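Descriptive structure summary
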Amino acid sequence: MTTRTLLAAVAIEAIAMSGCATNPVTGKSDVVTMSAAQEVEIGRKMHPQILQQYGRYSDEALQAYVNDTGQRIAAASHLPNLQFTFTVLDSEEVNAFALPGGYITRGIMAYLNSEAQLVAVLGHEVGHVTARHAVRQQSGAAAAGVGATVIGILTGSGDLANVANMAGTALVRGYGRDMELEADAIG
């Protein structure tokens, strides 16, 4: 066995050892590189950073309304025991996003015309969390990086490895259309 082949085998084994977890939504096995507890911890650490960056909208009645609505959605989700945090951000951005572990922040309130629209947006974001889209995306990025390394080792070409790495990064950047449609269906 050549050194290149041995190094490639070690890189492939690193992917295999990352682990499989049953997706709570699909019931299928997903290759993931972190546990659910690690995912929740990332969300806990990121939430204060998001609040510092955007600020929390000061209307407490609106905060309570969004939180109560979100909690009802979360209770009916595939992960009803996961603690969700729903926060309206003081931002003009028309956006909604979910942090790993169930932290959901909202900055789109001015554009919603009904509770049904709010429920649709929050349900979509809960869908991203329960389907573990952030973890699946991160795991895909890690696998793409290892794959690029394997290509570099097997071919001996750093340029080819860089091209493979750029292609892998492009494939996993942001939630893909499939994940967005899945979050819509779950929501």
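Report on the accompanying structure. Keep in mind that this is a model prediction, so the values were computed, not measured.

Conventions used here
- Residues numbered from 1 in each chain as written.
- Predicted model: local features only at pLDDT ≥ 70, side-chain atom pairs only at ≥ 80, totals over all residues.
- Heavy atoms only, no water.
- Phe/Tyr/Trp six-rings, centres within 6.5 Å; stacked < 30°, edge-to-face > 60°.
- Helix = DSSP H or I, 4+ residues; strand = E, 2+ residues; numbered from the N terminus.
- Buried < 20%, exposed > 50% of the residue type's maximum accessible area, 1.4 Å probe, protein only.
- Salt bridge = Lys/Arg side-chain N within 4 Å of Asp/Glu carboxyl O.
- Core = buried A, V, L, I, M, F, W, Y, C linked by side-chain atoms within 4.5 Å.
- Contact = heavy atoms within 4.5 Å.

Here the structure, examined in full by the defined rule, presents 2 aromatic pairs. Seen in terms of ring centroids, Tyr54 and Phe97 are 6.2 Å apart; in terms of plane orientation they differ by 45°. Their pairing is tilted. One end of the pair, Tyr54, is in helix α2 (residues 36–54); the other, Phe97, is in strand β4 (residues 96–99), and 43 residues separate them in sequence. Pairing Phe84 with Phe86 gives two aromatic rings, centres 5.9 Å apart and planes at 15°, and the pair type is stacked. A relative accessible area of 3% means that Phe84 is categorised as buried.

Let us now look at the pattern of salt bridges. Under the defined criterion, the tally for this structure stands at 3 salt bridges. A salt bridge links Glu60 to Arg56; its shortest N-O distance comes to 2.7 Å. The class of Arg56 is partly exposed, set by a relative accessible area of 40%.

Val66, Phe84, Phe86, Ile104 and Leu122 are the most contacted members of the largest nonpolar core, which has 17 residues in total. Looking at which element gives the most residues to this core, the answer is helix α4 (residues 115–130), with 5 residues. Setting aside anything within four residues of it in sequence, one finds Phe86 in contact with Gln63, Val66, Asn67, Gly70, Gln71, Ala74, Ile104, Leu122 and Val126.

A few words now on the environment of Met179. Tracing the backbone through its elements, the reader meets Met179 in helix α7 (residues 177–186). Met179 gets classed as buried once you look at its relative accessible area, which sits at 15%. As for Met179 and Ala131, which are separated by 48 residues in sequence, their C-alpha atoms are 8.7 Å apart.

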